[in-house]
Amino acid sequence: FVHGGIYRKVALIATGDIHADMLDHGGPGIYATTRSVEGTSAQVQVAIHARNSGTRKAKVKIVTRLVDADGRAVAEGTQSVNLAPGSTTKLDQPLSVTKARLWQGTVDPYLHDLVVEFQDARGRVLDRVIQKFGIREVRVDAAQGLILNGKPVRLHGVGLHQDLEG
């Protein structure tokens, strides 16, 4: 049967007791959304699913940064949370970017690194998740179609399932 077996990237990830919840329907436990873009400013909302797999309550500091390609933090947020043992807590971290470089599709596919760190009381990093993130505003208009950062984008292509033989 040609459609069987592992045909996608596989990763084995080991964590300590405090970590981003990877049991969230197979997701990474960290989700970012561009809430608004106005001129050169952008508002980004980061949803963090923090997990304590241990047996003791833990006070954790969560530091969230949006980092540009030169390694500079363009936005940062910090919050502290008490995590009950054996539980997951969902947190929202808003980030404000004053000079946002937008992801412009194939014209300028600029990506930031979204870095979320879980730290103990001494500042020691317990878990770190790094994801690529493009700041962009996408909407669909009945008359103009797909609108990316205020400009219409023509879409061309086909839908082809990855395991179609040939």
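The structure under discussion appears in the preceding block.
Everything numeric in this text was worked out from a predicted model, so none of it was measured.

**Student:** Help me out: how do you make sense of the overall build of the protein chain in this one?
**Tutor:** A count of helical and extended segments in the protein chain gives 0 helices and 11 strands. Secondary structure elements in the protein chain, listed N-terminal to C-terminal, are β-β-β-β-β-β-β-β-β-β-β. Counting only C-alpha atoms, the protein chain reaches 55 × 55 × 30 Å along its principal axes. Across the protein chain, every contact between residues at least 6 apart in sequence was considered, and the portion connecting residues at least 24 apart equals 54%. Only carbon and sulfur atoms are counted for the fraction: they give 51% of the accessible area of the protein chain, which is about 11100 Å². Charge centroids of the protein chain, computed over 21 positive and 17 negative side chains, lie 5 Å from each other.

**Student:** How should I be thinking about the sheet that holds strand β8 (residues 125-133) in this particular structure?
**Tutor:** For sheets, the rule is that strands pair by backbone hydrogen bonds, running either parallel or antiparallel. Here 4 strands make up an open sheet; going across it, the order is β5-β4-β7-β8 and the pairing antiparallel. Each end of this open sheet is capped by a strand with a single partner; those strands are β5 (73-83) and β8. For this sheet, the mean inter-axis angle between neighbouring strands, taken without regard to orientation, is 15°. Strand direction decides the pairing type here: strand β4 (residues 58-67) and strand β7 (residues 112-119), joined by 7 bridges, are antiparallel.

**Student:** For this particular structure, what's the right way to read the nonpolar core?
**Tutor:** General note: in soluble globular proteins, nonpolar side chains tend to be found buried as a group. Counting 27 residues, the largest nonpolar core has Ile62, Leu66, Phe118 and Ile135 as the members making the most contacts within it. Mapped onto this core, the elements with two or more residues apiece are β1 (18-20), β2 (30-38), β3 (41-52), β4, β5, β6 (87-97), β7 and β8. Looking at this core, the element that brings in the most residues is β3, giving 5 residues. Beyond its immediate chain neighbours, meaning those up to four positions away, Phe118 contacts Ile18, His19, Ala20, Ile48, Ala50, Val60, Lys61, Ile62, Arg124, Val125, Leu126 and Asp127.

**Student:** Explain the side chain of Gln131 to me, please; I cannot follow it from the model alone.
**Tutor:** With respect to the helices, strands and loops of the structure, Gln131 is situated in strand β8. Of the residues examined, Gln131 reaches a relative accessible area of 18% and is grouped as buried. Every residue in contact with Gln131, bar those within four places of it in the chain, is listed here: Pro28, Ile30, His112, Asp113 and Leu114.

**Student:** Looking at this model, I keep getting lost on the sheet that holds strand β9 (residues 138-141). Mind explaining?
**Tutor:** Pairing in this open sheet of 3 strands is antiparallel, and the strands run β9-β10-β11 from one edge to the other. On the outer flanks of this sheet lie β9 and β11 (151-153), each paired with one strand and no other. Taking the axes of each pair of neighbouring strands and ignoring which way they run, one obtains an average angle of 40° across the sheet. Across 4 bridges, the pairing between β9 and strand β10 (residues 145-148) is antiparallel.

**Student:** Explain the pattern of salt bridges here, please?
**Tutor:** Side chains that differ in sign of charge can pair as their charged atoms come close. For the coordinates displayed, the defined rule picks out 8 salt bridges. Arg124 is the salt-bridge partner of Asp120, the closest N and O atoms lying 2.7 Å from each other. The buried category is assigned to Asp120, whose relative accessible area is 14%. When its relative accessible area of 49% is taken as the criterion, Arg124 is described as partly exposed. Sharing partners across several salt bridges, the network here consists of Arg65, Glu117 and Arg128.

What counts as what
Residues numbered from 1 in each chain as written. Predicted model: local features only at pLDDT ≥ 70, side-chain atom pairs only at ≥ 80, totals over all residues. Heavy atoms only, no water. Helix = DSSP H or I, 4+ residues; strand = E, 2+ residues; numbered from the N terminus. Contact = heavy atoms within 4.5 Å. Areas by Shrake-Rupley, 256 points an atom, 1.4 Å probe, with all protein chains shown as cover. Lys, Arg positive; Asp, Glu negative; His and termini not counted. Charge placed at Lys NZ, Arg CZ, Asp CG, Glu CD. Pairing = 2+ DSSP bridges. Axes fitted to C-alpha atoms, helices over the stretch in contact; angles between N-to-C directions. Core = buried A, V, L, I, M, F, W, Y, C linked by side-chain atoms within 4.5 Å. Buried < 20%, exposed > 50% of the residue type's maximum accessible area, 1.4 Å probe, protein only. Salt bridge = Lys/Arg side-chain N within 4 Å of Asp/Glu carboxyl O.

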